[in-house]
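Notes for the structure review
Each chain, letter by letter, is given below.
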Amino acid sequence: MRRSGSWLALFLWSVLNPLNAAADGGSVAHDPLSAQTLVQTRAELALVAEAVERYRDIAVAKAEGWRAFGGDEPMVGQHWNHPEGPDYTLDTPLDFTRPNNLMYTWIEGEPVLTGVAFVVRVGDGEPMPEGFTGSADHWHVHDLETILAGTLADRPILRWLGRRWVDNSFPGGEDGRKRLAMLHVWVTVPNPDGPFALHNTALPYLKHGLSPQDAPRFDDAVARGLALAVPEGCDNVFGGRLWLAQATRSQRRRVMDTCAELSASIRAALPGGIDHAAPVAAEAADRMAGVYWITLERAQHDKVASLSDHGDAFCRPPAGMAPRG
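Since this is a predicted model, take the numbers as computed values, not measurements.

Let us look at the pattern of salt bridges. All told, the structure shown has seven salt bridges when counted by the stated rule. A salt bridge links R54 to E64; its shortest N-O distance comes to 3.0 Å. You can see R54 sitting in the loop between α3 (35-52) and α4 (58-63) and its partner E64 sitting in the loop between α4 and β1 (67-73), a full ten residues away along the chain. R54 sits in the partly exposed class, given a relative accessible area of 26%. Residue E64 is classed as partly exposed on the basis of its relative accessible area of 34%. Taking the shortest distance from any N to any O, the salt bridge between D214 and R217 comes out at 3.2 Å.

In structure tokens form, the structure reads like this:
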């Protein structure tokens, strides 16, 4: 695909709009930006955007050797990495033209490049990476040892396979740096919460054919409800969690049946427009989180929490509600 100057202009206007707000006294992840920092951050994001423009065509990514891992995570997408990608540590500054991951989501059966992720290996006690200019880029951590210990403690074969995968995927890990600091960067699908937010709440709107410009008008619960109502939405959100929790058949049935019922109610409301569907989606998302929370026991929640490095937006416990057990 050809690079487009007009697309870059749109990128600077829409994706970086939150950065403009920060310079005017607003915030991106609660960090005010000086004018000088703003200019530098824009330049760095533009480098990322230009470097990955050709990957809007997923065939190009495949031809160059990028490969998928994991599923199409709600409000994120599916991560793709390259076997010869960079191995960043705190000793190696980021090359903004070389992200570690591409992220794709499927909209009406077509892959859409949602953004990228940078990954930096850090050791115990080491600080988060400097990353982009300023402090608006808030990194989250995937602690591989904790994940393996917490989720596969009673699954020795899977734990062994997991360790093999870690050793093969991160060969530099012999230096002890097996905690992966990750940063999502939304340079291809504008994010109403800014270019460094953990989730992109515009994606569920796009998947339903709605305008992503509606996303800032509503609470995040609306986006969570819409994400449940897409095809396979319930399985994308809860399937992996229930597997990690080793949920019983009755627990799985209660969670998935409730999710199917609530998802159907959201889809039924959508023909009336987003203003009609939004309260239905928000109520469904909150009710679903409550059902999930009270269905599993505390030990099961603890097991799932060891892997919830992208946060638990879909499963936050309602105020005052404690898990069983």
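In this section: helix α12 (residues 298-305). Inspection of α12 places Q300, H301, K303 and V304 among the buried residues, and these make up the whole buried set. One side of α12 carries all its buried residues, which in axial view fall inside an arc of 160 degrees. Projecting away from the buried face of α12 at angles above 90 degrees are the exposed residues A299, D302 and A305.

Glancing now at the pairing of β1. Two strands pair when backbone bridges link them, and β1 and strand β2 (residues 77-81) are joined in this way by four bridges, in the antiparallel orientation. Across the sheet, A68 pairs through a bridge with W80, a residue of β2. Here β1 folds back onto β2 in antiparallel fashion, the turn holding three residues, of which M75 has a positive phi close to 65 degrees.

The next subject is the packing of aromatic side chains. What the rule picks out here adds up to eight aromatic pairs. Ring plane angle 45 degrees and centroid distance 6.5 Å describe the contact between Y88 and F118, whose orientation is recorded as tilted. With Y88 in strand β3 (residues 88-89) and F118 in strand β5 (residues 110-122), the pair connects residues that are 30 residues apart, well separated along the chain. Overall, the relative accessible area of 5% leaves Y88 in the buried class. For the pair F238 and Y292, a centre-to-centre distance of 5.3 Å together with 40 degrees between the ring planes defines the contact as tilted. Separated by 54 residues along the polypeptide, F238 in helix α9 (residues 233-244) and Y292 in helix α11 (residues 274-295) bring together distant segments of the chain. For F238, a relative accessible area of 1% puts it in the buried group. Judged by its relative accessible area of 1%, Y292 is buried. Through pairs of rings, three or more aromatic residues link up here, namely Y88, F96, F118, F132 and F196.

Calculation criteria
- Residues numbered from 1 in each chain as written.
- Predicted model: local features only at pLDDT ≥ 70, side-chain atom pairs only at ≥ 80, totals over all residues.
- Heavy atoms only, no water.
- Salt bridge = Lys/Arg side-chain N within 4 Å of Asp/Glu carboxyl O.
- Helix = DSSP H or I, 4+ residues; strand = E, 2+ residues; numbered from the N terminus.
- Buried < 20%, exposed > 50% of the residue type's maximum accessible area, 1.4 Å probe, protein only.
- Arc of directions from axis to C-beta.
- Pairing = 2+ DSSP bridges.
- Phe/Tyr/Trp six-rings, centres within 6.5 Å; stacked < 30°, edge-to-face > 60°.

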